[in-house]
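Single-letter residue listing:
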Amino acid sequence: MVDLPIVHVLSSMGKPDWWGSTLRNVRKMLFQTQFSAMRAIYCVEAVNSAQRKQIDELFREIQTVAEVRKLSTGRIVSYAVQTKANCCEILDEIAEVLRSINEHSLCLQPVDNVAMDIVSDLCRASGSTLLSVPTCGICGEKELFPGATITICSRGNARIVRYYCPRCTALECKPKVSDFVRALLDADRRNIRLQAEVKPLKRKSRRDLSFTIAR
Ligand SMILES: [Zn+2]
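Residues numbered from 1 in each chain as written. Predicted model: local features only at pLDDT ≥ 70, side-chain atom pairs only at ≥ 80, totals over all residues. Heavy atoms only, no water.

### Concerning the overall build of the chain
Which entries qualify depends on this criterion: In DSSP terms, a helix is any run of H or I states spanning at least four residues, a strand is any run of E spanning at least two, and both are numbered starting from the N terminus. Under the convention used here, a 1.4 Å probe and the Shrake-Rupley method define accessible areas, while residue burial counts only the protein chains that appear.
When you go through the chain residue by residue, the secondary structure sums to five helices and eleven strands. With the model as given, the accessible surface of the chain reaches about 11400 Å², and the carbon-plus-sulfur share is 49%.

Structure follows, in structure tokens:
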């Protein structure tokens, strides 16, 4: 699998008008790469709020070493976890810890529509709340861990977040990062266009890259 990016687009030039066909007033971007991965979904029945808190705390800790998305809350607490392909033992360790909390806890693999249907059915049967999941801005499919995310915000706190699934992200992949960002926005169903030129500004860390939008 390819390394997958997360892109943040920041503006300090007032309110961006992204709902039209052209994206204006955007000045900066931050680029991060996302790793290829192994995934699992965990469902645990929490008998009281203390146990719910214990489960949430566990996944908060896991967030420091893996990607985590909460899927449901209430009687059934569900989380999806994504980790590097060479760190998949952590998925077994999580299942083990959850079994010590509730021996009937579930570890669902592969993470697909069947697994999502199980979570949905458990929530419906127990009166738990199913949380919303990002939708790919290109193909419209639900995606737990988007391959790319573009966040565009203005000084006035107005903000838009567009997600792209790993498949669409890979299809739009370009050798030059600025072309890649533009390709994702061009393919977006919302018909978002960047009028200005995208130029790398500085690399903040191994995974982050800032951009400026030249006028
Ligand atoms: Zn897609």
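### So, the sheet that holds strand β5 (residues 76-84)
Working definition: the strands of a sheet are paired by backbone hydrogen bonds and lie parallel or antiparallel to each other. The test is simple: Here the rule is simple: two strands pair whenever DSSP picks up at least two bridges between them. By definition, residues are in contact when any of their heavy atoms lie within 4.5 Å. What counts as an axis is a line fitted to C-alpha atoms, over the stretch in contact for a helix, and the angles between N-to-C directions run from 0 to 180 degrees.
A sheet is described by the order of its strands in space; here five strands give the open sequence β6-β3-β5-β4-β7, paired in antiparallel fashion. The sheet is open, and its two edges are formed by β6 (106-108) and β7 (129-130), each paired on a single side. Alignment of strand β4 (residues 67-73) against β7, held across two bridges, turns out to be antiparallel. Residue T73 lies in a different strand from β7, and its bridge partner there is T129. Docked against the sheet, helix α1 (residues 49-62) engages β3 (37-45), β4 and β5, running at close to 10° with respect to β5.

### Regarding the pairing of β5
Our working definition: Partly exposed residues are those whose accessible area sits between 20% and 50% of the maximum for their type, while under 20% is buried and over 50% is exposed, using a 1.4 Å probe and protein chains only.
The buried count for β5 comes to eight of nine residues, which makes it a mostly enclosed element. In the sheet, β3 pairs with β5 via nine bridges, with the strands oriented antiparallel. For C43, the partnering residue across the bridge sits in β5 and is S78. Pairing between β4 and β5: five bridges, direction antiparallel. Its bridge partner being in β5, E67 is matched across the sheet by Q82.

### Things to note about the coordination of the zinc ion
Put simply, the rule is: For Na, K and Ca the donor cutoff is 3.2 Å, while for all other metals N, O and S atoms must lie within 2.8 Å; water is not among the atoms, so some sites may look incomplete. Every angle between 85 and 135 degrees makes a four-donor site tetrahedral, while opposite donors more than 155 degrees apart, with all other angles between 65 and 115, make a four-donor site square planar and a six-donor site octahedral; other sites are irregular.
The zinc ion binds to the protein through C136 (SG), C139 (SG), C165 (SG) and C168 (SG); the donor distances cover 2.3 to 2.4 Å. Here the zinc ion is ringed by four donor atoms whose angles at the metal span 102 to 116°, and the overall shape comes out tetrahedral. Linear spacing of the donor residues for the zinc ion on their chain is C-x2-C-x25-C-x2-C. Pair noted here: C136 is in the loop between β7 and β8 (148-153) and C168 is in helix α4 (residues 166-172), with a separation of 32 residues, a long-range link. The exposure class assigned to C136 is buried, which follows from its relative accessible area of 2%.

### Digging into unusual backbone geometry
Between Q109 and P110 the backbone carries a cis peptide bond, its omega angle lying at 0°. In this fold, P110 is placed in the loop between β6 and α3 (113-126).

### Here we look at the packing of α1 against helix α2 (residues 89-101)
Test applied: If an angle is under 35 degrees, it is roughly parallel; if it is over 145, roughly antiparallel; if it lies from 65 to 115, roughly perpendicular; otherwise it is oblique. By convention the crossing between two helices is left-handed if the near helix lies anticlockwise of the far one by an angle smaller than a right angle, and right-handed if it lies clockwise.
Viewed as axis vectors pointing N to C, α1 and α2 meet at an angle of 165°, and their least axial separation amounts to 11 Å. For the element pair α1 / α2, the angle class is roughly antiparallel. As for how α1 packs across α2, the hand of that crossing is right-handed. Residues Q51, Q54, I55, L58, F59 and I62 of α1 touch α2, and the partners they reach there are I94, V97, L98 and I101.

### As for the nonpolar core
Applied cut-off: What is meant by a nonpolar core is a set of buried Ala, Val, Leu, Ile, Met, Phe, Trp, Tyr and Cys residues, joined one to another through side-chain atoms within 4.5 Å.
Ranked by size, the top nonpolar core spans 19 residues in total, and within it Y42, I55, F59, I62, V81, I94 and L98 carry the most contacts. Counting only elements with at least two residues in this core, the list comes to β3, α1, β5 and α2. If you tally residues by element for this core, the top one is α2, at six residues. Apart from the residues within four sequence positions on either side, V81 is in contact with M38, R39, A40, Y42, F59, I62, A66, E67, V68, L91, I94 and F145. Of all hydrophobic cores here, the second largest spans 14 residues; its members include I150, Y164, C165 and C168.

### Considering the side chain of D188
Stated formally: For this analysis, a polar contact is any N or O atom pair within 3.5 Å, provided that within protein one partner can donate a hydrogen and the other can accept it, and provided that sequence-adjacent residues contribute only side-chain to side-chain pairs.
With respect to the element layout, D188 can be found in the loop between α5 (177-187) and β10 (197-202). From its side chain, D188 meets the backbone nitrogen of R190 in a polar contact 2.7 Å long. Those residues in contact with D188, other than ones at most four positions away along the chain, are G137, I138, R162 and Y164.

### Some points on a nonpolar patch on the surface
How we decide: Patch construction takes residues with relative accessible area above 30% that form no salt bridge. Like charges are linked within 9 Å, and nonpolar side chains (Val, Leu, Ile, Met, Phe, Trp, Tyr) are linked within 5 Å. In what follows, salt bridge is the name for a side-chain nitrogen of Lys or Arg lying within 4 Å of a carboxyl oxygen of Asp or Glu.
Together, L106, V114 and I118 make up an exposed nonpolar region whose accessible area comes to about 230 Å². Here V114 shows up in helix α3. A residue is classified by how much of its surface remains accessible, and V114, at 54% relative accessible area, is exposed.

### Topic: the state of the cysteines
One covalent bond between the sulfur atoms of two cysteine residues makes up a disulfide. Just so we agree on the cut-off: Put simply, a disulfide is two cysteine sulfurs that come within 2.5 Å.
Within this structure, the stated rule accounts for zero disulfides. The closest cysteine sulfur to the non-disulfide-bonded C43 is located on C123, 7.4 Å from its own sulfur. Looking at C43, the relative accessible area reads 4%, which means it is buried. Take C123: its relative accessible area is 3%, and that puts it in the buried class.

Everything listed here is a matter of coordinates, which is why it stays silent on function.
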